[in-house]
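Structure assessment
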Amino acid sequence: MTLTQLSASYRHEEEVLRCRIRQVRELSAPTRQEAVVKQDRLRVLEAMRRDVRDVAVLCERYYDRGHRRNCRYSI
C-alpha cells in the first residue's frame, strides 16, 4: 500500500467519523447524565477525527519538501 492509498483510507475514515459526530449531535439528551455522556462521546470522536485527519495530511505530504511535519507524529 502506498502513502497515497493510505491517505485516501484515512480521509474515508475521517468522513465516517464526521458522520458519526453529526449523528451524536442530533441525539436528544433529556437528562443531565445523558447530556454528560453525550459530551464525553463527542469529545472522544472529535479527538479521533482530528488524529485521523492529521495522519492523512502527513501521508499526503510526506515527500513534499516545503511541508512542515506535525511534531506529534515525528520520531
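Residues numbered from 1 in each chain as written. Predicted model: local features only at pLDDT ≥ 70, side-chain atom pairs only at ≥ 80, totals over all residues. Heavy atoms only, no water.

This next bit is on the side chain of Ser7. Structurally, Ser7 is set in helix H1 (residues 3-26). Of note is the side chain of Ser7, whose polar atom sits 3.3 Å from the backbone oxygen of Ala56. For Ser7, the residues in contact, after removing those within four places along its chain, are Ala56, Cys59 and Glu60. (Helix = DSSP H or I, 4+ residues; strand = E, 2+ residues; numbered from the N terminus. Polar contact = N/O pair within 3.5 Å; in protein donor to acceptor, adjacent residues only side chain to side chain. Contact = heavy atoms within 4.5 Å.)

Now for the nonpolar core. Grouped burial of nonpolar side chains is what soluble globular proteins tend to show. In terms of nonpolar packing, the biggest core is built from 6 residues, these being Leu17, Ile21, Val24, Leu42, Leu45 and Val52. Those elements that provide at least two residues to this core are H1 and helix H2 (32-60). Filtering out sequence-adjacent residues up to four positions away, Val52 remains in contact with Tyr10, Glu13, Glu14 and Leu17. (Core = buried A, V, L, I, M, F, W, Y, C linked by side-chain atoms within 4.5 Å. Buried < 20%, exposed > 50% of the residue type's maximum accessible area, 1.4 Å probe, protein only.)

So, about the packing of aromatic side chains. Summed over all chains, the structure comprises 1 aromatic pair. An angle of 90 degrees between the planes, with centres 4.9 Å apart, marks the rings of Tyr62 and Tyr63 as edge-to-face. Given the relative accessible area of 38%, Tyr62 is considered partly exposed. (Phe/Tyr/Trp six-rings, centres within 6.5 Å; stacked < 30°, edge-to-face > 60°.)

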